[in-house]
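Residue-level structural notes
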Amino acid sequence: MAEVVLIEDIEASATRLGIDLSSVDLDSIQLPPGEDFGIKSDDDDDLYQDDPLEFEAGFGNIIVVDNLPVVPPEKFEKLEGVIRKIYSQIGTIREGGIWMPVNPESQKTLGYCFIEYNTPQEAELAREKTNGYKLDKSHIFAVNLFDDFEKYMKVPDEWKAAEIKPYTPGENLQQWLTDEKARDQFVIRAGSNTEVFWNDPRQLMPELVHQRQYWTESFVQWSPLGTYLATVHRQGAAVWGGATTFNRLMRFAHPQVRLIDFSPGEKYLVTFSSHEPSNPRDTHRIVINIFDVRTGKLMRDFKGNVDEFATGGSGGVSGISWPVFRWGGGKEDKYFARMGKNVISIYETETFTLIDKKSMKVENVVDFSWSPTDPILALFVPELGGGNQPARVSLVQIPGKEELRQKNLFSVSDCKVYWQNNGEYLAVKVDRYTKTKKSTYTGFELFRIKERDIPIEVLELDNKNDKIVAFAWEPKGHRFAVIHGDGPRPDVSFYSMRTTLNAGRVSKLTTLKSKQANALYWSPAGRYIVLAGLKGFNGQLEFYNVDELETMATGEHFMATDIEWDPTGRYVATAVTSVHEMENGFHIWSFSGKLLYRISRDHFYQFVWRPRPPSLLSAEKEEEIAKNLKKYSKKYEAEDQDVSMQLNEQDRRKRKMLQEQWNEWVTKWKQLHEEERQLRIELRDGVVSDEEEEYEAKEVEVEEVLDVAEEVVAFDLDQE
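Since this is a predicted model, take the numbers as computed values, not measurements.

**Regarding the overall build of the protein chain**
Across its full length, the protein chain carries 8 helices and 43 strands. Looking at the protein chain as a whole, 40% of its 720 residues qualify as buried. For the protein chain, the proportion of contacts with a sequence separation of at least 24, taken over those separated by at least 6, is 46%. Split by element, the accessible area of the protein chain, about 43500 Å² in all, is 50% carbon and sulfur.

So this is what it looks like as structure tokens:
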């Protein structure tokens, strides 16, 4: 490891070389992979300590292949050719990278060999692919990493009982939910700093909870219920928790991790890395690990080349859609699945193996998604055979793999599935070809999941040729919003799956014409929605009450890139991230569209609210509270009044302080004026008074010769 250098030595060296450190942008410095130049991460010691994946031996790219045929010298070349043919298909073998030891007495091979690859990843893949490989009936390969031998040699011959450490109670990880002011937390990343704040709109500013420099090397991510904050490092991922301390709770060793994903119930963490091949003609090597969050135990890993994981989806890295594995609905975390060619592989977390020990065959499947609350899969299969085989959407119950409902769709160009967050409704946006096949139009297939036989309704817009810009379900509700239109200012329509007069049919509530909007953001509690105009609309915001069908307020956050409601639906954050070089920072708004405060930060990368777990109150209890809200609100109105008085008192004190500073300044200059009185009298030739009215002003004109120029006149003597 590099020698640790003190900051004083760095400053002295910079002074000697004439370098101004204050002008150096340290955030722009990129260290070579694996080098830290003596600047240790907070997590280096812990992540390297007792790490079973990293060894000091440095032979991770070598494998040992046992149970080879024992052959005489004349068959060496043939056996080596067979071994090279098998193992060169997996990775690049270094020159002279196959060595078979020989018995010095018989000159025959000893029945094993060493193979050296270019990278440890290739060696590990070779071990996985060929351990147990059957060369013939008598020779079944036993393959190990060279480093494993050293690890096994360190196992003591005598068993020693593990030391039982005394129990120490941990911190209450839900402590932050008991905040007396019922505030929510959020995390931001700006420059090299990561900071957690309380949102305190009463004080019109956030309150710092915890901050660290270089807390993460990539991004941070809250777990779905808000218990953990995850950070990403070269050596792996780590999770932190608590209300204010944010102690590290667990680390997960996964070198070069790039992406992470929690299961909905926070029981498991999925990590992803992509490794470049040593041979440019080969594809990237993918490693996906699934850990138990509380114990840190590796439950299952998946490894292979990029082609094995690149089916379907979008939004990943290295040609991989993310998340590769999608978790089944609900907090039980019982199932997760991934899509392959003509199959959906569904795993259960009790054994982390395939359900029924085999994948579910679905010919030509291109997309699938889970219900947010139930083990139900929605599958989409496109149209085939020039329209002879229609496209279809199927609902499949897991683990029985029973098809609950199917809908055939004709002349389909594309489909997209939208689940309502309670799993009560499913909308399928269907783009269909016109009869001429030269253009498309859009409609919706609406599934009522909780009703008997899952009835389906078809919805077409008033102008079915309108382009669909955005679609969003109301959380915990029965309404949805659609932005549609081809012009620069599209329309926004609201629909309901049930109304007072027609409980079983979808109906339109209203259409808002010509809006500067291209994105929809419902409050997590429903009822309110932000119609946002991002990108080309430069951050236009409209806060709309869907119950009353009226606009509450409009606003603008110029160049806004991100919009996110807090988990209670009381506040909205809008942010401009480092996608833009200017105006970086975030604004906090009330649900009704009042701008509460704004914070500017250079190099602003992330703003994420801390999620809350679902309410423990029953629906009946929540309804009772809503009915008696006035009774409960008296307490909080009194608290708001107290805070308002405190703010007024703070303003009064601030004004008094400013007045005192002004008086101090005036007194100082009056004193100086008096001290210079005698000097002024001398400058006025003995005139005592300082009053300007006692003097007569006269204008005196003074002429002054600045320069004299001589004019020389030439004469033509001949002409005279």
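**Comments concerning the pattern of salt bridges**
What the rule picks out here adds up to 31 salt bridges. The shortest N-O distance in the salt bridge between Arg 601 and Glu 195 comes to 2.4 Å. Placement of the pair is Arg 601 in the loop between strand E42 (595-600) and strand E43 (604-609) and Glu 195 in strand E8 (residues 193-198), with a sequence separation of 406 residues. Residue Glu 451 pairs with Arg 448 through a salt bridge whose shortest N-O separation is 3.6 Å.

**Here's the deal with the sheet that holds strand E7 (residues 185-190)**
What holds strands together in a sheet is hydrogen bonding between their backbones, with the strands either parallel or antiparallel. In spatial order, the strands read E9-E8-E7-E43; together these 4 strands make up an open sheet with antiparallel pairing. Of all the strands in the sheet, just strand E9 (207-213) and E43 have a single pairing partner and so form its edges. Shown here is a sheet whose adjacent strand axes are inclined to one another by a mean of 15°, direction ignored. Taken together, the 6 bridges between E8 and E9 define a ladder with antiparallel strand orientation. Across the sheet, the residue bridging to Trp 198 is Glu 207, located in E9.

**A short note on the pairing of E7**
Every other side chain in a regular strand lies on the same face of the sheet, so the side chains alternate between the two faces. Summarising burial for E7: 6 of the 6 residues are buried, a large majority. Here E7 shows a buried face lined by Gln 185, Val 187 and Arg 189 and a second buried face lined by Phe 186, Ile 188 and Ala 190. The loop that links E7 with its antiparallel partner E8 comprises 2 residues; one of these, Gly 191, has a positive phi angle of about 60°. Note that E7 and E43 share 5 bridges and pair antiparallel. When the bridges of E43 are listed, Arg 189 appears paired with Gln 606.

**Brief notes about unusual backbone geometry**
Cis geometry is found at the peptide bond from Trp 322 to Pro 323, where omega equals 0°. With respect to the secondary-structure elements, Pro 323 resides in the loop between strand E17 (298-305) and strand E18 (326-327). If you check the backbone angles, Ser 411 has positive phi at about 55° while not being a glycine. Residue placement: Ser 411 occurs in the loop between strand E26 (402-409) and strand E27 (412-419). Looking at Ser 411, the relative accessible area reads 29%, which means it is partly exposed. Positive phi values are uncommon outside glycine, yet Ser 514 reaches one of about 50°. In this fold, Ser 514 is placed in the loop between strand E34 (507-512) and strand E35 (519-522). Given a relative accessible area of 39%, Ser 514 falls into the partly exposed group.

Scoring rules and cut-offs
Sequence positions are assigned chain by chain, starting from 1 and proceeding in written order. Restriction of local features to residues with pLDDT of at least 70 applies here, the model being predicted, together with a cutoff of 80 or more for giving and counting side-chain atom pairs; totals for whole chains, interfaces and linings are based on all residues. Side-chain numbers come from the whole structure's heavy atoms, not from hydrogens or water. For the purposes of this entry, the term helix denotes a DSSP run of H or I that reaches at least four residues, the term strand denotes a run of E that reaches at least two, and both are numbered from the N terminus. Only protein chains enter the accessibility calculation, which uses a 1.4 Å probe; a residue is then buried when its area is under 20% of its type maximum, exposed when over 50%, and partly exposed in between. Note on contacts: a residue pair is in contact if any heavy atoms of the two residues lie within 4.5 Å. All accessible-area figures derive from a Shrake-Rupley calculation using a 1.4 Å probe, and residue coverage is judged against the displayed protein chains alone. Salt bridge criterion: a side-chain nitrogen from Lys or Arg within 4 Å of a carboxyl oxygen from Asp or Glu. Pairing between strands requires that DSSP locate at least two bridges from one strand to the other. Axis definition: a line fit to C-alpha positions, over the contact stretch in the case of helices; interaxial angles, taken between N-to-C directions, run 0 to 180 degrees.

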